[in-house]
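Observations on chain architecture
So the chains spell out like this:
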Amino acid sequence: MDDIDRKILSELQMNARLTLTELADRVGISLSPCHRRVHALEQSGVIQEYRTLLNREKLGMTFPVIVFVTLRAGDQASVLQFEKAVTGIPEIISAQRLFGDPDYILQVLTRDIQSFQRLYDERLSSLESVQRLTSTLVMKNLFHDKPLSL
């Protein structure tokens, strides 16, 4: 990967809807090499996918919560069971497995406190492998989905 590839990636992180012509102009190369480079970045997996960021507030998704999860046991079956279960819960927008305690951190986004309470009571606390849930309300989002520094 060279400086031109990094420029291409930076531009696409800021606006993935750029046409190849616009992208080529912004990085200072002609259309054909730009197309080849973008295709190579896609094929190599450096560019995984193209997405659209939605305005959470305009969609009424204004109640972000961080949930820390400690499992009853750390065996493979418990871990896999938990991970499969949370993957199927659409309100969980991010999940990371951690070293140490707690075992997981979940980023949850719901419409309001009542929606979160239902999710907590009906889905999260009923997961067999969960020993403890600790929730923290988000005061303010400083940024999310920040572009990678290349």
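Residues numbered from 1 in each chain as written. Predicted model: local features only at pLDDT ≥ 70, side-chain atom pairs only at ≥ 80, totals over all residues. Heavy atoms only, no water.

**Examining helix 4 (residues 76-87)**
Note the threshold: Secondary structure elements follow DSSP: runs of H or I no shorter than four residues count as helices, runs of E no shorter than two count as strands, and numbering proceeds from the N terminus. Here, expected helix span is obtained from the residue count minus one, scaled by 1.5 Å. Classification of residues uses two cut-offs on accessible area relative to the type maximum, computed with a 1.4 Å probe and protein chains only: under 20% is buried, over 50% is exposed, and between them is partly exposed. The directions considered for the arc are those from the helix axis to the C-beta atoms. Contact criterion: two residues are considered in contact whenever any of their non-hydrogen atoms come within 4.5 Å of each other.
An ideal rise of 1.5 Å per residue puts 16 Å on 12 residues; helix 4 measures up with 16 Å between its terminal C-alpha atoms. Taken residue by residue, helix 4 has Ser78, Val79, Phe82 and Val86 as its buried positions. Considered in projection along helix 4, the buried side chains sweep an arc of 100° and stay on one side of the axis. Those residues of helix 4 that are exposed and aimed more than 90 degrees away from the buried face are Gln76, Ala77, Lys84 and Thr87. Where the residues of helix 4 are buried, they touch strand 1 (63-71), strand 2 (92-97), strand 3 (104-110) and strand 4 (130-137).

**A word on the pairing of strand 1**
To be explicit about the condition: Two strands are said to pair when DSSP picks up at least two bridges between them.
Of all nine residues making up strand 1, eight are buried, and the element is well covered by its neighbours. Pairing geometry for strand 1 and strand 3, over seven bridges, is antiparallel. Bridging from a neighbouring strand, Ile66 pairs with Gln107 of strand 3.

**Comments concerning the pattern of salt bridges**
Stated formally: Just to be clear on terms, a salt bridge is a Lys or Arg side-chain nitrogen sitting within 4 Å of an Asp or Glu carboxyl oxygen.
Under the definition given, this model contains six salt bridges. Where Arg26 meets Glu11, a salt bridge forms, and the shortest distance between an N and an O atom there is 3.2 Å. On the criterion of sequence distance, the pair formed by Arg26 in helix 2 (residues 20-27) and Glu11 in helix 1 (residues 3-14) is long-range, its members being 15 residues apart. For Arg26, a relative accessible area of 49% gives the class partly exposed. With relative accessibility at 23%, the residue Glu11 sits in the partly exposed group. Among the salt bridges present, the one from Glu49 reaches Arg51, with a minimum N-O distance of 2.9 Å. Each of Asp2, Asp5 and Arg37 takes part in one network of salt bridges that share partners.

**Focus: the nonpolar core**
Heads up, the rule is: For our purposes a nonpolar core is just a set of buried Ala, Val, Leu, Ile, Met, Phe, Trp, Tyr and Cys residues, chained together by side-chain atoms within 4.5 Å.
Ranked by internal contacts, the top residues of the largest apolar core, which has 19 residues, are Val67, Val69, Phe82, Leu106, Val108 and Leu124. Counting residues per element, the ones that place at least two in this core are strand 1, helix 4, strand 3, helix 5 (113-124) and strand 4. With five residues, the top contributor of residues to this core is strand 1. Discounting residues that sit within four places of it in the chain, Leu106 has contacts with Val65, Ile66, Val67, Val69, Phe82, Val86, Ile92, Ser94, Ala95 and Leu124. In terms of nonpolar packing, the next biggest core, distinct from the first, is built from 12 residues, Ile8, Leu9, Ile29 and Cys34 among them.

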